[in-house]
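# Descriptive analysis of the structure
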Amino acid sequence: MFQKYKSAELVKPGGLDLKDRLVGVQRVTKVTKGGRAFGFSAIVVVGDEAGVVGQGLGKSKDVASAIAKAVEDAKKNLVRIPIIKGTLPHEQKGKYGGARVNIIPAAPGTGVIAGGAVRTVLEAVGVHDVLSKSQGSSNPHNVVKATFDALLQLRDANAIARDRGISLEQVFNA
């Protein structure tokens, strides 16, 4: 899922204190000749609230096992996100399907100003001060993936200096 992001650092779940947050549970119905067959899909975000986060999707005939499957899937997709003093290094836009998410760093004391699925992801990452705007589709699956798209494009000054092959001072005083 994260192959197209060169700055994405995959993380192993061992030794991390991960907290899982349920973004949403959808009941899906399949109509067969014998009637309606109900199933559930759950989308979950796990994070250590210190820069490591992952998202997963689970599907099952009952809610509890759908959530359990989603948590297992999320632990397989953990990535490290750069956080500087409780906020983001820079403004970033993310897109997935019809959902567009704009996340903006904020001054200390602002809090997490985000709605629904975006808030869940940002809290799981451990960002304390951020502004965000979600536009287009409000489908939680796509909003979570658009938020991840934005977060995975974030780079701190050290990463930019390393990519350009210059010193940290040259990044700021070009």
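Residues numbered from 1 in each chain as written. Predicted model: local features only at pLDDT ≥ 70, side-chain atom pairs only at ≥ 80, totals over all residues. Heavy atoms only, no water.

Turning next to the packing of helix 2 (residues 116-125) against helix 3 (residues 140-152). Two elements in contact, helix 2 and helix 3, have axes separated by 8 Å at closest approach and are oriented at 45°. Taken as axis vectors, helix 2 and helix 3 run oblique relative to one another. Note on packing geometry: the crossing formed by helix 2 with helix 3 is right-handed. From helix 2, Ala117, Val118, Val121, Leu122 and Val125 reach across to helix 3, where they touch Pro140, Val143, Val144, Thr147, Phe148 and Leu151. Along the lines of polarity and charge, the residues of the contact of helix 2 with helix 3 split into 10 nonpolar, one polar and no charged. (Axes fitted to C-alpha atoms, helices over the stretch in contact; angles between N-to-C directions. Helix = DSSP H or I, 4+ residues; strand = E, 2+ residues; numbered from the N terminus. Parallel < 35°, antiparallel > 145°, perpendicular 65-115°, else oblique. Left-handed = near helix turned anticlockwise from the far one by under 90°. Contact = heavy atoms within 4.5 Å. Nonpolar A, V, L, I, M, F, W, Y, C, P; charged D, E, K, R; others polar.)

This part covers the domain arrangement of the protein chain. Its domain assignment divides the protein chain into domain 1 (9-79) and domain 2 (84-157). If you average the C-alpha positions of domain 1 and of domain 2, the two centres end up 20 Å apart. On the domain 2 side, the residues contacting the 18 residues of domain 1 number 13 residues. When the two sides are added together, the surface that domain 1 and domain 2 hide from each other amounts to roughly 1200 Å², 74% of it contributed by carbon and sulfur. Summed over the shared surface of domain 1 and domain 2, the number is one salt bridge. Across the pair glutamate 123 and arginine 21 runs a salt bridge, and its minimum N-O distance is 3.2 Å. Joining domain 1 to domain 2, the criterion identifies five residue pairs in polar contact (both at pLDDT 80 or more). Breaking the side of domain 1 that touches domain 2 down by element, the ones donating at least two residues are strand 2 (19-32), strand 3 (35-47) and strand 4 (52-60). Of the residues in the side of domain 1 that touches domain 2, the class split is nine nonpolar, six polar and three charged. (Domains from an automatic or database assignment. Buried area = accessible area lost by both parts, 1.4 Å probe. Salt bridge = Lys/Arg side-chain N within 4 Å of Asp/Glu carboxyl O. Polar contact = N/O pair within 3.5 Å; in protein donor to acceptor, adjacent residues only side chain to side chain.)

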